[in-house]
Structures are given as structure tokens and as C-alpha cells.
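# Remarks on the overall topology
Residue-level listing of the chains:
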Amino acid sequence: MDFTFSEEQQAAAEAARAVFAGVAPDGVPSPALATGAVADDFDRSLWARLAGADLLSLLLDPGHGGAGLDAIALCLVLRESAKVLARVPLLENTAAALTVQTHGTAEVKEEILARAGSGDLVLTVAAHGRTGHDPAELAVAARQDADGAWVLDGMQTAVPWAYDADVVLVPAHAEGSGRAVLALVPRVQEGVVLAEQISTTGERLAELRLESARIAGRYVLDADGAWESLRLLLATGTCALALGLGEGVLRMTSEYAGKREQFGYPIATFQAVAVQAADRYIDLRAMEATLWQAAWRISSGAAGALPAAGDVAVAKIWASEGVRRVVQTAQHLHGGFGADTDYPLHRYHAWAKHLELSLDPAPAHEEALGDLLAAHPLG
């Protein structure tokens, strides 16, 4: 197994580290103290710096102003972003833009991609279905009228950055055929209604209600497999965010345990503390190995004993359970200090819970993996 990154991938990670170096995790009010959302918008200043470093166009082809890199490079950047709890729709914007590049018409690509890559147009994705536990493509019904336009009815919950994005990429099922389509829905349009929801992170999400929203035919992507590819990329990116967050938390815990003394010695020298930290380090290495396996499968299209969805399911199981264990151990080893709202650890705990449940928790992916194993017996 060779996880050596290419020079271009390493360059993307280095650029990301430079951009995120000055970002403070406590740049907004604590979600534990805020009565509503911690901010009215995402970090636009950071967004501009990401655009200036060409990190928003990472996966776009050079013809659209991008670097033409792959999901592995994106995950390297997302990993760095999570270490500082970067408040930007980097995963959603990049995944949506790549989907448009792969499946959109030339006209739509020309209209959207360059602007999305420069940060002028912000894209997000509605991927959680009606309740967060049902298939997202079944939450919205799409029917085509006589003029070729699509009419959408339904609801998607927990849409990230929906109040700040210009366009929401919405999966839906086409009436009659039952196949999944993806609609590029403007945030401001007749028939589009947003209702505020607040995440554990304190960020503003939205319940997106579509009430006979009419979308021109060119803005609906109906290629086979488009939604499945987008879903796998989003899930893999979420694993990268969980890994970066976990690494940041373990580093924070290591520094604290090396300074905090009991009985005249740093608590890091106590065997019980060292063993717990070592267990969490093993979690992170397992999260990393399964992440890169999943990212490689969806980037390369390489064949395997199971479809790529199997590798993504394994990565998300490890990411969900691993990041939960990391933050819980960090809280334990910090003692009461971990709950201090003047100290950033509680923010990481809140973000970890959000990532654990995003794009389905571990049990849902265990069930999906079981279905894949039943359908593809390993010889």
C-alpha cells in the first residue's frame, strides 16, 4: 500500500497550511453560549484567501481556471481546514463544481465553473434528505413540464451554508422513471423557502423547502451515477475533515498533558494517560489509512473486490467512531478545563459531533457495507 502523494498534491497541502496558519478557531462566539447562530455568514475573508491561493478551483480543469487535481488533493486541503475549524463551504462548493464540470452542458459550465473557482459564486449541496436518515434523492420529487423545465417539490434538511450560497445542488427523483437527478436551484427564486436550523457547531443550516420551484432544463443534471459520485465525494471529504479535526485535538491534548502536573510530574508521564493517548493515535492512523483508500478509489476509478462505495463506507465508519473517541478522550484528559468556554476544546467537540452524524453515522454505513458484502461475496 503506497500512500505517497504527488508533488502537486503536496503543493496543495502546503498552500492550505499557509492560508489556514492565521485562522483562530475561536474567531466567533462559542456555540455553547450563543442563543442563535454564531455568525450571519461564513468567513468571507478566508474564502477570498482560498480563492487567491487557487484552492477553490483545485479540482477544475485548466480550461476553467483550475489545477485539474483529484479528490486526494481536496482531502489534503480539507484536513488542514478542519485543524482550525475553518468556517467555509470548501467541500460543498468544490464537490458541486466538480459535478457540474463532469455532467453539465457546455453552457452551464461556462456560466458557473470559473465563478465558482474564483469564489464569486458559492455553491452548496442538499445531501441529508427529509430527516437526515433517509435517502436524499427521495426527499424531492421532480417532474418535467411540456416546455422541458423541471418542477421540484419536497424538502431537504440541514443544508449547510444555504443562507450564504448562491446556488444549492439538490438531488431529486424523477417521477415516472425514479432515477436520480441533480438540480441547480438558486437560493432566491419563487418556490424556494429556507427555514433556519442551528448545528451543534453553532453554524446556520437550513431546511430547504421546494414548492413547485421551476428550474430550466439545462440546470438539471440527469446523467446516470451523477448523484452517487457526488455523495461519495461528500462522504469522503467529511472523513478528511474528521481526520484533520482529530489530529488537531490530539496535538492540543498532548501539549496540555505535557504541561499539566499532578504529584509533581506532568500527567503525560502517567501510564494511564499515555495509553489512552496512544489508543487515540491508533484511531487516527486507521482513519487516515481508510480515508486515503476511499479517496484513491473514487479518484482513480480502480476496480476492487467491492464497489468504491464499500471503501467510502469503511472510511466513514472509522471517521465517525474515531473522531468521537478522540474528542471524548481529550475531554477526559483535560479534566474540567476541557469544558471551559474560554478554551477551544469544546468547539472541537461540537464540530466532531456534527461530522460524526453528517452524511450518516457509523451504523448506517455499517448497514450499507453489509448490503454490499451480501451483493458482492468475497471469493
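See the structure above.
Residues numbered from 1 in each chain as written. Predicted model: local features only at pLDDT ≥ 70, side-chain atom pairs only at ≥ 80, totals over all residues. Heavy atoms only, no water.

### A short note on the overall build of the protein
Of the regular secondary structure elements, the protein holds ten helices and ten strands. In terms of overall dimensions, the protein is globule-like: its C-alpha atoms have a radius of gyration of 21 Å, near the 21 Å expected for 379 residues. Judged by the C-alpha coordinates and their principal axes, the protein covers about 80 × 55 × 40 Å. Across the 379 residues of the protein, 52% fall into the buried class. Considering only residue pairs separated by 6 or more positions, the protein has 73% of its internal contacts joining residues 24 or more positions apart. Carbon and sulfur atoms make up 52% of the accessible area of the protein, which totals about 16100 Å². (Helix = DSSP H or I, 4+ residues; strand = E, 2+ residues; numbered from the N terminus. Rg over C-alpha atoms; globule rule 2.2 N^0.38 Å. Buried < 20%, exposed > 50% of the residue type's maximum accessible area, 1.4 Å probe, protein only. Contact = heavy atoms within 4.5 Å. Areas by Shrake-Rupley, 256 points an atom, 1.4 Å probe, with all protein chains shown as cover.)

### Re the side chain of His128
Structurally, His128 is set in the loop between strand S1 (123-125) and strand S2 (140-144). A polar contact is formed between the side chain of His128 and the backbone oxygen of Ala158, at a distance of 3.1 Å. With near-sequence residues (within four places) excluded, His128 lies in contact with His133, Asp134, Ala136, Gln156, Thr157, Ala158, Ser358 and Leu359. (Polar contact = N/O pair within 3.5 Å; in protein donor to acceptor, adjacent residues only side chain to side chain.)

### Brief notes about the pattern of salt bridges
For the coordinates displayed, the defined rule picks out 22 salt bridges. Between Lys83 and Glu80 there is a salt bridge; the shortest N-O distance is 3.3 Å. Here Lys83 pairs with Glu80, and both are found in helix H3 (residues 71-83), just three residues apart, close to one helical turn. In this structure, Lys83 and Glu80 share a single accessibility class: buried. (Salt bridge = Lys/Arg side-chain N within 4 Å of Asp/Glu carboxyl O.)

### Brief notes about helix H10 (residues 362-375)
The terminal C-alpha atoms of H10 lie 20 Å apart, and with 14 residues this matches the ideal 20 Å at 1.5 Å per residue to within 8%. When H10 is considered as a whole, its buried residues turn out to be Ala362, His365, Leu369 and Leu372. For H10, the angular spread of the buried residues around the axis is 80°, confining them to a single face. Set apart from the buried face of H10 by more than 90 degrees, the exposed residues are Pro363, Glu367, Asp371, Ala374 and Ala375. (Expected span 1.5 Å × (residues − 1). Arc of directions from axis to C-beta.)

### Focus on the packing of H3 against helix H7 (residues 271-300)
Packing of H3 against H7 brings their axes to within 8 Å, and their N-to-C directions diverge by 145°. Packed against H3, whose contacting residues are Ala71, Ile72, Cys75, Leu76 and Arg79, the element H7 presents Arg285, Glu288, Leu291, Trp292, Ala295, Trp296, Ile298 and Ser299 at the interface. Its residues placed into classes, the contact of H3 with H7 shows nine nonpolar, one polar and three charged. (Axes fitted to C-alpha atoms, helices over the stretch in contact; angles between N-to-C directions. Nonpolar A, V, L, I, M, F, W, Y, C, P; charged D, E, K, R; others polar.)

### Some points on the packing of aromatic side chains
Per the stated rule, a full pass over the model turns up three aromatic pairs. With 5.0 Å between their ring centres and 75° between their planes, Phe5 and Trp292 make a pair best called edge-to-face. Of the two residues, Phe5 sits in the segment before helix H1 (7-20) while Trp292 sits in helix H7, which places them 287 residues apart along the sequence. For Phe5, a relative accessible area of 22% gives the class partly exposed. Looking at Trp292, the relative accessible area reads 3%, which means it is buried. (Phe/Tyr/Trp six-rings, centres within 6.5 Å; stacked < 30°, edge-to-face > 60°.)

### A few points about the nonpolar core
Counting 117 residues, the largest nonpolar core has Phe20, Leu50, Leu210 and Leu245 as the members making the most contacts within it. It is helix H6 (residues 226-259) that contributes the most residues to this core, 18 residues altogether. Core analysis: the second largest hydrophobic core is formed by five residues, Leu306, Ala313, Ile317 and Ala362 among them. (Core = buried A, V, L, I, M, F, W, Y, C linked by side-chain atoms within 4.5 Å.)

### Focus: unusual backbone geometry
Its identity as a non-glycine residue notwithstanding, Ser212 has a phi of 55°, on the positive side. When you line up the elements, Ser212 lands in strand S7 (residues 204-215). We classify Ser212 as partly exposed; its relative accessible area is 42%. Its identity as a non-glycine residue notwithstanding, Phe263 has a phi of 55°, on the positive side. Note on placement: Phe263 falls in the loop between strand S9 (261-262) and strand S10 (265-266).

### Here's the deal with the pairing of strand S5 (residues 180-186)
Burial analysis of S5 places five of its seven residues in the buried class, which makes it a mostly covered element. Pairing geometry for strand S4 (residues 167-174) and S5, over seven bridges, is antiparallel. The residue bridging His173 from the neighbouring strand is Ala180, located in S5. As consecutive antiparallel partners, S4 and S5 are separated by five residues, and within that stretch Gly176 has a phi angle of approximately 100°, a positive value. Across two bridges, S5 lies against strand S8 (residues 220-221) in antiparallel orientation. By the bridge assignment, Leu182 is partnered in S8 with Leu221. (Pairing = 2+ DSSP bridges.)

### What about H1?
Along its 14 residues, H1 runs 20 Å from first to last C-alpha, staying within 8% of the 20 Å computed at 1.5 Å per residue. Along H1, the positions that sit buried rather than exposed are Gln9, Ala12, Ala13, Ala16, Val19 and Phe20. The buried residues of H1 occupy an angular sector of 125° when the element is viewed end-on, so they sit on one face. Residues Glu7 and Ala18 are exposed on H1 and point more than 90 degrees away from its buried face. Structurally, H1 contributes buried residues whose contacts are with helix H2 (44-52) and H3.

### Concerning the environment of Pro344
Summarising the element assignment, Pro344 is placed in the loop between helix H8 (308-334) and helix H9 (345-357). By relative accessible area, which is 22% here, Pro344 ends up partly exposed. On a C-alpha basis, the gap between Pro344 and Gln9 in space is 30 Å, while along the polypeptide they are 335 residues apart.

Any functional reading would require information that these geometric values do not contain.
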